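Inside the fold
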Amino acid sequence: MKIGIVQTAPNNCAALDKVAKKYPGLEIVHYVDGCVWEHFEAAENTVNEKIHEILAADFNKLIEAGCKSIGLLCNQIKGGMEKVQEKVALPIAVYDDVLARRAVAVTADGGTICAAAMNTAALGPTKLAVEAAAQQAGKHIEVEIVCVDAAKNCLAETGSTDLADQYFERWLRANQQKYSAFVLPQVPLTRLKPRLRDMGTPVFDSMEPFVDELAKV
């Protein structure tokens, strides 16, 4: 089965393909459209009608290529996705919306979910996604966003993702008792997932739940 994923850069394609190997017969059709991000920046980091038109065309091309489910891997350009959906026959999954729903599902009413990353770009949209998922589920859930500065600064100063990952993992483990679940919307942080499977607090990374959602079709 083919699933289609729209991305704004090619750097996550190999990691997605690795995740897809868990599902026999699953093939990802990657649609990398850098012009979407160029329009986003040109519009002062806002999503406008032109971006909606481009995304709709991209998703429709994936459907024409035989994809049975489709998704978007960039949450910064998901604003107004309902307008894109009107022009696309298949439901469009957005990766952090998937994370939000899964985190809310395992969180009791009154719990707290933390969205954590090494930068702030994806955190705001993910907070809104978790709040929307909680409202839909009829739960009162607090959402905290955390940029792990120790990991962020380490990466900036040393350029070592391995060392920065150690700081990030240390923070997660030290703070897990405060939260019902973690969501990690920064897509490359999926690389940490194998090291976090023993944590008592559920951790939802950006790629595995997303591919799983698309593969269910």
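Quantities reported herein were computed from a predicted structural model and do not represent experimental measurements.

Some thoughts on the overall build of the protein
A tally of regular secondary structure across the protein gives 10 helices and 8 strands. On the principal axes, the C-alpha backbone points of the protein span a range of 45 × 45 × 40 Å. Looking at the protein as a whole, 49% of its 217 residues qualify as buried. Once local pairs closer than 6 in sequence are excluded, the contacts in the protein between residues at least 24 apart make up 67%. Working note: accessible area of the protein is about 10,200 Å², and carbon and sulfur atoms make up 50% of it. Computed over 23 positive and 28 negative side-chain charges, the inter-centroid distance for the protein is 5 Å.

Details of the packing of helix H5 (residues 95-105) against helix H6 (residues 123-137)
Interaxial distance between H5 and H6 falls to 8 Å at its minimum, and their mutual angle equals 45°. Overall, the two elements H5 and H6 adopt an arrangement that is oblique. Regarding H5 and H6, the two cross each other, and that crossing is right-handed. Packed against H5, whose contacting residues are Asp96, Asp97, Ala100, Arg101 and Val104, the element H6 presents Pro125, Thr126, Ala129, Val130, Ala133, Ala134 and Ala137 at the interface. Considering only residue class, the contact of H5 with H6 consists of 8 nonpolar, 1 polar and 3 charged.

Topic: the sheet that holds strand S6 (residues 142-147)
Strand order in this open sheet of 4 strands is S6-S5-S7-S8, and the pairing throughout is parallel. Strands at the two margins of the open sheet, each flanked by one partner only, are S6 and strand S8 (203-204). Of the strand pairs in this sheet, strand S5 (residues 112-117) and strand S7 (residues 181-183) are connected by 3 bridges, and their pairing is parallel. Across the sheet, the residue bridging to Cys114 is Phe182, located in S7.

Observations regarding the pairing of S6
Of the strand pairs in this sheet, S5 and S6 are connected by 6 bridges, and their pairing is parallel. When the sheet's bridge partners are listed, Thr112 is paired in S6 with Glu142. Regarding topology, H6 serves as the crossover connection from S5 to the parallel S6, and that connection is right-handed.

Quick notes on the nonpolar core
With 37 residues, the main nonpolar core has Ile113, Phe210 and Val211 as its most contacted residues. Elements with a minimum of two residues in this core: strand S1 (2-7), helix H1 (13-20), H5, S5, H6, S6, S7 and helix H10 (208-215). In terms of residues, this core owes the most to one element, H5, which gives 6 residues. Not counting residues up to four positions away in its chain, the partners in contact with Phe210 are Ile5, Gly71, Leu72, Leu73, Ala93, Val94, Tyr95 and Val98.

Some words on the pairing of strand S2 (residues 27-32)
Summarising the sheet, S1 and S2 pair through 6 bridges and their orientation is parallel. Bridging from a neighbouring strand, Val6 pairs with Tyr31 of S2. For the handedness criterion, the β-α-β arrangement of S1, H1 and S2 is classed as right-handed.

A short note on the packing of aromatic side chains
Here a ring pair, both rings aromatic, is described through the centre-centre distance and the interplanar angle of the planes. Going through the model one piece at a time under the given rule, you end up with 4 aromatic pairs. Here the aromatic rings of Trp37 and Phe40 are separated by 4.9 Å at their centres, their planes lie at 40°, and the arrangement is tilted. You can see Trp37 and its partner Phe40 sitting in helix H2 (residues 34-42), 3 residues apart, about one turn around the helix. Its relative accessible area of 24% is what places Trp37 among the partly exposed residues. Judged by its relative accessible area of 4%, Phe40 is buried. Here Trp171 and Phe182 contribute two aromatic rings whose centre-to-centre distance is 6.1 Å and whose plane-to-plane angle is 65°, an arrangement assigned as edge-to-face. With Trp171 in helix H8 (residues 161-175) and Phe182 in strand S7, this residue pair connects regions lying 11 residues apart in the sequence. The buried category is assigned to Phe182, whose relative accessible area is 0%. Joined through ring pairs, the aromatic side chains of Trp171, Tyr179 and Phe182 make up one cluster. Over the ring of Tyr167 we find Arg170, and its NZ or CZ is 5.2 Å from the ring centre.

Reading the values: rules and limits
- Residues numbered from 1 in each chain as written.
- Predicted model: local features only at pLDDT ≥ 70, side-chain atom pairs only at ≥ 80, totals over all residues.
- Heavy atoms only, no water.
- Helix = DSSP H or I, 4+ residues; strand = E, 2+ residues; numbered from the N terminus.
- Buried < 20%, exposed > 50% of the residue type's maximum accessible area, 1.4 Å probe, protein only.
- Contact = heavy atoms within 4.5 Å.
- Areas by Shrake-Rupley, 256 points an atom, 1.4 Å probe, with all protein chains shown as cover.
- Lys, Arg positive; Asp, Glu negative; His and termini not counted.
- Charge placed at Lys NZ, Arg CZ, Asp CG, Glu CD.
- Axes fitted to C-alpha atoms, helices over the stretch in contact; angles between N-to-C directions.
- Parallel < 35°, antiparallel > 145°, perpendicular 65-115°, else oblique.
- Left-handed = near helix turned anticlockwise from the far one by under 90°.
- Nonpolar A, V, L, I, M, F, W, Y, C, P; charged D, E, K, R; others polar.
- Pairing = 2+ DSSP bridges.
- Right-handed = clockwise from strand over helix to strand, strands pointing away.
- Core = buried A, V, L, I, M, F, W, Y, C linked by side-chain atoms within 4.5 Å.
- Phe/Tyr/Trp six-rings, centres within 6.5 Å; stacked < 30°, edge-to-face > 60°.
- Lys NZ or Arg CZ within 6 Å of the ring centre and 35° of its normal.

Distances and angles like these do not, on their own, reveal function.
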